[in-house]
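What follows is each chain in one-letter form.
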Amino acid sequence: MRPGTTTIVVLTWLSLAGSAGAQTLLVGVAAPLSGPSAILGKQIEAGAGLAAEVNGVELRTIDDACTADGGAAAAREFAAAKVSVVVGFLCTDAIEAALPILKDANIAVITVGVRTESLTDRRAKTGWPIYRLGPRGDDERNAVAAILTELWKNELFAIVDDGTIYGREIAETLRAAAEQAALKPVFVDTFRPQLDNQIGLIGRLKKAGATHVFAGGDGDDIAIMTRDSGQLDAGMVFAGGENLRTPPGDVPYAAGTLMIAPPEWAGVAEPKVLEAFAAQKIEPDGYTLPAYAAVEIAKAASALTVASGTPFTEALTAHGFTTAIGPIRFDEKGDLSQNPFRAYRYDGAHFVPLEGH
């Protein structure tokens, strides 16, 4: 985002709030409020509800059930209600069924949780008015590749994975990026996951001379590797992806372990917003803060649309927005203009941001 852009948007929004306020903005909220994903849907409902109260927005909340039928039904209801924009959606099936209907009704969508790349990659062909307030499916592996090839360019590093699609894809992306940067891992292999120990793997890594290891796999497996590396006095630094951000298991991570993941929004949110959550006894976890931010963006974009007469989608693409979770800007496809994944180092108790990454 260009310096000053965020300030300009805030001032613009404030100057236009009066004209936009003549008619209350109606925002649709699509969330799975039933079924196995209901706990996540309730987070969206709570965050959007609080933002609507603070920003003077009216909501039309519908259960999309995380299904294609539910998404299509919700879209038809939103179109009939003439909402200005829809926020929410966590499931690919629901949003894919909803988008053609919402496109025909000229209703934009700000999704807080669907990572499927094709939704925005196919924008030129489908014309779907979707904006993604969260990572793409490939953001994690691209961030791992970019961050670690820079961080470990002078290290003897290894790449291992657990053989799953997730593990293989993220490991291969890192290996390809390393090759592009003229870097060569000293060891590449697939490990057996869910073992009580990884002594054999650590021995092979040590023999290869690896001092830094990326492991594409679950947090529990990586924790065991860090423990066994310490027991063998191997002196290795391990890194993993977002899977490390899980409730601690029986084996803790070793201090110095690296994680590539998005921020925990409660750690970067504005204090006054967190105070509002606390006053309503709402935990600012999961999708609550992104849903709150989506309603803020909808309100600011609506004000810009009223003033300029430009389409809602153009307002979303052409401007940056100040939100509870920081400055947000969408690119031409509707993805975040910056990859939200960052590097964190485990300090023995918590993962803390790695300065400069």
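Residues numbered from 1 in each chain as written. Predicted model: local features only at pLDDT ≥ 70, side-chain atom pairs only at ≥ 80, totals over all residues. Heavy atoms only, no water.

Student: A description of the packing of helix α7 (residues 139-151) against helix α8 (residues 165-180) should follow, citing residues and the corresponding values.
Tutor: Taken N-terminus to C-terminus, the directions of α7 and α8 make an angle of 40°; their axes are 8 Å apart at the nearest point. Classed by the angle they form, the pair α7 and α8 counts as oblique. Our pair here, α7 against α8, has a crossing hand that is right-handed. Residues Glu-140, Arg-141, Asn-142, Val-144, Ala-145, Leu-148 and Thr-149 of α7 form the contact with α8, whose participating residues are Tyr-166, Glu-169, Ile-170, Thr-173, Leu-174, Ala-177 and Ala-178. The residue inventory of the contact of α7 with α8, partitioned by class, reads 8 nonpolar, 3 polar and 3 charged. (Axes fitted to C-alpha atoms, helices over the stretch in contact; angles between N-to-C directions. Helix = DSSP H or I, 4+ residues; strand = E, 2+ residues; numbered from the N terminus. Parallel < 35°, antiparallel > 145°, perpendicular 65-115°, else oblique. Left-handed = near helix turned anticlockwise from the far one by under 90°. Contact = heavy atoms within 4.5 Å. Nonpolar A, V, L, I, M, F, W, Y, C, P; charged D, E, K, R; others polar.)

Student: I'd love a proper account of the pairing of strand β9 (residues 237-240), names of residues and values included.
Tutor: With 3 bridges joining them, strand β8 (residues 212-216) and β9 adopt parallel strand pairing. Bridging across to β9, Val-213 finds its partner in Phe-238. The handedness of the β8 to β9 crossover, carried by helix α10 (residues 219-231), is right-handed. Bridge count between β9 and strand β10 (residues 258-261): 2 bridges; the pairing is parallel. Counterpart to Ala-239 in the pairing with β10 is Leu-258. (Pairing = 2+ DSSP bridges. Right-handed = clockwise from strand over helix to strand, strands pointing away.)

Student: Could you give me a rundown of the pairing of β10, with the residues and numbers involved?
Tutor: Burial along β10 is two-sided: Leu-258 and Ile-260 and Met-259 and Ala-261, pointing in opposite directions, are all buried. Relative to strand β13 (residues 342-346), β10 runs antiparallel, the two being bridged by 4 bridges. Each bridged residue has a counterpart across the sheet, and for Met-259 the counterpart in β13 is Tyr-344. (Buried < 20%, exposed > 50% of the residue type's maximum accessible area, 1.4 Å probe, protein only.)

Student: Lay out the sheet that holds strand β14 (residues 351-353) in plain terms, naming residues and giving numbers.
Tutor: Judged by pairing direction, the sheet is mixed, and its 7 strands sit side by side in the order β7-β6-β8-β9-β10-β13-β14 without closing on themselves. The open sheet has two edge strands, β7 (187-190) and β14, and neither has a second partner. Direction aside, the axes of adjacent strands within the sheet are offset by 25° on average. Pairing of β13 with β14, which is carried by 3 bridges, proceeds in the antiparallel orientation. Across the sheet, Arg-345 pairs through a bridge with Val-352, a residue of β14. The strands touched by α7 are β8, β9, β10 and β13; relative to β10, the strand with the most contacts, the crossing angle is about 140°. Sitting on the sheet, helix α9 (residues 199-208) is in contact with β6 (157-161), β7, β8 and β9, with an inclination near 165° to β7.

Student: Before we move on, could you go through the environment of Thr-305 and cite the residues and values that matter?
Tutor: Position of Thr-305 among the secondary structure elements: in helix α12 (residues 288-308). Distance in space between the C-alpha atoms of Thr-305 and Asn-55 is 17 Å, their sequence separation being 250 residues. Discounting residues that sit within four places of it in the chain, Thr-305 has contacts with Thr-310, Pro-311, Phe-312 and Ala-315.

Student: So what's going on with the pattern of salt bridges? Which residues, and what values?
Tutor: Taken as a whole and assessed by the stated rule, the structure comprises 16 salt bridges. In this structure, Arg-60 engages Glu-77 in a salt bridge whose closest nitrogen and oxygen atoms are separated by 2.8 Å. Of this pair, Arg-60 sits in strand β2 (residues 58-63) while Glu-77 sits in helix α3 (residues 68-81), and the two are 17 residues apart along the sequence. With a relative accessible area of 32%, Arg-60 lands in the partly exposed category. Note that Glu-169 is salt-bridged to Arg-141, the shortest N-O span being 3.6 Å. With a gap of 28 residues between them, Glu-169 in helix α8 and Arg-141 in helix α7 connect regions that are remote in the sequence. Take Glu-169: its relative accessible area is 39%, and that puts it in the partly exposed class. Several salt bridges share partner residues, and in doing so they unite Asp-121, Arg-132, Arg-136, Asp-138, Lys-333 and Asp-335 into one network. (Salt bridge = Lys/Arg side-chain N within 4 Å of Asp/Glu carboxyl O.)

Student: Quick one: what's the story with the side chain of Glu-296, residue by residue and with numbers?
Tutor: Inspection of the secondary structure assignment puts Glu-296 in helix α12. It is Lys-272 that comes nearest to the buried, bridge-free Glu-296 among opposite-charge side chains, at 7.0 Å. Those residues within four positions of Glu-296 in sequence are excluded, and the remaining contacts are Asn-55, Thr-323 and Ala-324. (Lys, Arg positive; Asp, Glu negative; His and termini not counted.)

Student: I'd love a proper account of the packing of aromatic side chains, names of residues and values included.
Tutor: The relation between two aromatic rings is expressed through the spacing of the ring centres and the mutual angle of the planes. Evaluated as defined, the whole model comprises 6 aromatic pairs. With a centroid separation of 6.3 Å and an interplanar angle of 35°, the aromatic rings of Trp-152 and Phe-157 are classed as tilted. Under the relative-accessibility criterion, Trp-152 is labelled buried at 3%. Plain terms: the ring middles of Tyr-346 and Phe-351 are 5.0 Å apart, the flat faces sit at 55° to each other, and that makes the pair tilted. Residue Tyr-346 is classed as buried on the basis of its relative accessible area of 13%. Taken together, Tyr-253, Tyr-346 and Phe-351 form an aromatic cluster joined through their ring pairs. Sitting above the plane of the Tyr-131 ring, Arg-123 keeps its charged end 4.6 Å from the centroid. Lying across the ring of Tyr-344, Arg-245 places its NZ or CZ 5.5 Å from the centre. (Phe/Tyr/Trp six-rings, centres within 6.5 Å; stacked < 30°, edge-to-face > 60°. Lys NZ or Arg CZ within 6 Å of the ring centre and 35° of its normal.)

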